[in-house]
Amino acid sequence: AFENFHMTDVYYEMSRSEDIEFNNDIVMVDMVELRDRGEIGQVIQQINMCKPRVLSVDLLFYKEGDDVLANAVLLGAIDEAEEPIVFSSKLVDYDEEEKCFETLIPSFFAPMGDYTFAYGNVLQDHEGGIIREYTLSQKFNDKTMYSLAYQTACIYTGETPHEQDVNERLIVYGDTDFPVINFKDVKKYANLLKDKIVLLGTFSNEEDAHFTPLGKMPGMKIQAYSMLSYIQNRNIQDMPIWFSLLIAFVLCYISSWVNYWVPRLWPKVDSYIISAYYFLIAALLVWVSFLSFMHLQYNINLLYPLAGIALIESARSLYEDSVRLIYNKWHWKIFKHSIYLEGEEE
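Residues numbered from 1 in each chain as written. Predicted model: local features only at pLDDT ≥ 70, side-chain atom pairs only at ≥ 80, totals over all residues. Heavy atoms only, no water.

K.L.:
Would you mind going over the packing of aromatic side chains with me for this structure?
P.N.:
Two aromatic rings are characterised by how far apart their centres lie and by the angle between their planes. Taken as a whole and assessed by the stated rule, the structure comprises 22 aromatic pairs. For the pair Tyr 12 and Tyr 173, a centre-to-centre distance of 5.6 Å together with 80° between the ring planes defines the contact as edge-to-face. Of the two residues, Tyr 12 sits in helix H1 (residues 7–15) while Tyr 173 sits in the loop between strand S10 (168–170) and strand S11 (176–177), which places them 161 residues apart along the sequence. Judged by relative accessible area, Tyr 173 falls into the buried class, the value being 0%. Here Phe 87 and Tyr 115 contribute two aromatic rings whose centre-to-centre distance is 6.2 Å and whose plane-to-plane angle is 90°, an arrangement assigned as edge-to-face. With Phe 87 in strand S4 (residues 85–95) and Tyr 115 in the loop between strand S5 (100–105) and strand S6 (116–119), this residue pair connects regions lying 28 residues apart in the sequence. One exposure class covers both Phe 87 and Tyr 115, and it is buried. Members of the aromatic cluster, connected to one another through ring pairs, are Tyr 11, Tyr 12, Tyr 173, Phe 178, Tyr 225, Phe 290 and Phe 293. The positively charged end of Arg 53 is found above the aromatic ring belonging to Tyr 156, 4.3 Å away from the centroid. (Phe/Tyr/Trp six-rings, centres within 6.5 Å; stacked < 30°, edge-to-face > 60°. Helix = DSSP H or I, 4+ residues; strand = E, 2+ residues; numbered from the N terminus. Buried < 20%, exposed > 50% of the residue type's maximum accessible area, 1.4 Å probe, protein only. Lys NZ or Arg CZ within 6 Å of the ring centre and 35° of its normal.)

If you want it as structure tokens, here you go:
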């Protein structure tokens with residue numbers, strides 16, 4: 001439960017409005033209906049004619065197959081492209097000791113030319129888990145492979161991809177969405193594709209859908225959010241655990257005194273005051289953390305503070321009962337002056 005608790009999931013919901021704006025950097029082309037490689041090659045050719053800044057192909061053509069003509073059309077469209085194309089591949093067989101992948105699965109035409117391949121693997125804590133982060137690079141034997149999102153974003157921004165200190169980055173699922181056009185309408189929306197990142201893949205394929213903080217989402221759209229997160233330099237800094245524990249300690253200390261004194265000072269309305277206190281403190285924490293996340297790109301870890309103030313009253317009651325039990329049975333002097341023994345007779 002602790003591993004799956006992320007306040008960022010709440011922030012994305014808070015930041016989304018009814019009037020969602022479409023992003024102006026990335027356009028997705030959905031070709032889920034296509035199966036023939038020759039037709040896919042024709043779509044790539046049409047996209048190239050629209051002059052995108054970079055085409056990112058989130059498809060994997062495993063085997064060469066028997067349709068030589070269709071393969072020829074596909075390779076012809078790729079080789080004729082004047083703008084950069086990034087092709088997806090898959091990294092498998094991870095070696096825990098060497099900290100690298102041992103096998104790369106690219107498309108069948110990898111040995112036939114100088115093509116740019118990047119891995120399309122998504123980052124999950126476990127199979128079927130929520131995707132919240134993406135990586136910039138991974139080791140493939142003694143080589144460095146870059147992610148599809150990072151490689152594409154670098155070409156778009158004119159950067160040279162390289163290994164960075166912070167490799168795992170948070171995907172910012174903001175209040176923006178991406179234009180999605182059908183492969184049949186590429187020529188119709190030529191101006192929309194010009195000088196943009198064009199992401200070609202399957203948008204409505206259930207097999208390539210994954211869970212995100214905003215619900216189930218196509219893998220291609222997750223790649224788009226990952227690209228946009230890097231383009232907008234959304235490198236969110238996470239609060240250290242020790243600082244979160246310190247905040248939790250302070251809040252728990254204050255909360256324990258509130259729970260102790262309020263019933264003694266205002267016994268008739270103590271439950272209302274304490275409930276209001278917890279509501280206000282939780283609302284203040286979330287509000288400050290949300291502003292920090294959105295404007296300062298700093299993620300305040302609320303796991304321990306929220307868990308602490310939620311459990312402090314139970315802990316305080318348990319402590320009070322323990323003090324009374326130990327003192328009444330063994331009369332330990334160390335508990336003699338405890339505030340929880342006020343009014344107790346020796």
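K.L.:
Just checking my understanding: could you explain the side chain of Thr 152 for this structure?
P.N.:
Position of Thr 152 relative to the elements: it lies in helix H4 (residues 148–157). Classification of Thr 152 by relative accessible area gives buried; the value is 0%. What Thr 152 contacts, discounting residues up to four positions off in sequence, is Val 54, Ser 56, Val 86, Ile 197 and Met 227. (Contact = heavy atoms within 4.5 Å.)

K.L.:
Got a minute to help me understand the pattern of salt bridges in this structure?
P.N.:
Oppositely charged side chains are able to pair whenever their charged atoms sit close together. Scanning the model with the defined rule gives 10 salt bridges in all. For the salt bridge of Asp 9 with Arg 132, the shortest nitrogen-to-oxygen distance reads 2.8 Å. Taken together, the residues Asp 9 in helix H1 and Arg 132 in the loop between S6 and strand S7 (133–135) connect sequence positions 123 residues apart. Relative accessible area serves as the criterion here: at 16%, Asp 9 is assigned to the buried category. Of the charged contacts, one joins Glu 96 and Lys 99 as a salt bridge, the two residues approaching to 3.6 Å between their closest N and O atoms. (Salt bridge = Lys/Arg side-chain N within 4 Å of Asp/Glu carboxyl O.)

K.L.:
Got a minute to help me understand the pairing of strand S2 (residues 26–30) in this structure?
P.N.:
By the criterion of burial, S2 is predominantly enclosed, with 5 of the 5 residues buried. Going residue by residue along S2, you find Ile 26, Met 28 and Asp 30 tucked away on one face and Val 27 and Val 29 tucked away on the opposite face as well. Bridge count between S2 and strand S13 (residues 197–201): 5 bridges; the pairing is parallel. Within S13, the residue paired with Val 27 across the bridge is Val 198. The pairing of S2 with strand S12 (residues 180–182) spans 3 bridges and is classified as parallel. Among the inter-strand pairings, Asp 30 is bridged to a residue of S12, identified as Asn 182. (Pairing = 2+ DSSP bridges.)

K.L.:
Quick question: what am I supposed to make of unusual backbone geometry here?
P.N.:
Leaving glycine aside, a negative phi is the common case for residues, and trans is the common case for peptide bonds. In the Ramachandran plot, Lys 99 falls in the positive-phi region, its phi being about 60° despite a non-glycine side chain. Among the secondary structure elements, Lys 99 is positioned in the loop between S4 and S5. Phi is positive for Gln 297, which is not a glycine, with a value near 55°. Here Gln 297 shows up in the loop between helix H8 (270–295) and strand S17 (298–299).

K.L.:
Where do I start with the side chain of Lys 196 in this structure?
P.N.:
You can see Lys 196 is positioned in the loop between helix H5 (190–193) and S13. Here Lys 196 occupies a buried position and makes no salt bridge, while the nearest side chain of opposite charge, Asp 25, is found at 7.4 Å. Here the side chain of Lys 196 touches Leu 192 through a polar contact of 3.3 Å, landing on its backbone oxygen. With residues near it in sequence (within four places) discarded, Lys 196 still touches Asn 24, Asp 25, Val 27, Pro 52, Arg 53, Val 54 and Tyr 156. (Lys, Arg positive; Asp, Glu negative; His and termini not counted. Polar contact = N/O pair within 3.5 Å; in protein donor to acceptor, adjacent residues only side chain to side chain.)

K.L.:
Mind showing me how you'd approach helix H3 (residues 68–80) here?
P.N.:
Think of an α-helix as 3.6 residues a turn; residues three or four steps apart then line up on the same face. Relative to the 18 Å expected for 13 residues at 1.5 Å per residue, H3 spans 18 Å between its end C-alpha atoms, a close match to the ideal helical length. Of the positions making up H3, those classed as buried are Ala 70, Asn 71, Leu 74, Leu 75, Ala 77 and Ile 78. One side of H3 carries all its buried residues, which in axial view fall inside an arc of 155°. Away from the buried face of H3 by more than 90 degrees, exposed residues Val 68, Leu 69, Asp 79 and Glu 80 are located. On its buried face, H3 is in contact with helix H2 (37–49) and S4. (Expected span 1.5 Å × (residues − 1). Arc of directions from axis to C-beta.)

K.L.:
I would appreciate a short explanation of the packing of H1 against H8 in the present structure.
P.N.:
Packed helices, taken two at a time, are described by their axes: the angle between them and the distance between them. Following both chains from N to C, one finds H1 and H8 inclined at 80°, their axes separated by 10 Å at the closest point. On the basis of the axis angle, H1 is roughly perpendicular to H8. Contact residues: Met 7, Thr 8, Tyr 11, Tyr 12, Met 14 and Ser 15 in H1; Val 286, Ser 289, Phe 290, Phe 293 and Met 294 in H8. Its residues placed into classes, the contact of H1 with H8 shows 8 nonpolar, 3 polar and no charged. (Axes fitted to C-alpha atoms, helices over the stretch in contact; angles between N-to-C directions. Parallel < 35°, antiparallel > 145°, perpendicular 65-115°, else oblique. Nonpolar A, V, L, I, M, F, W, Y, C, P; charged D, E, K, R; others polar.)

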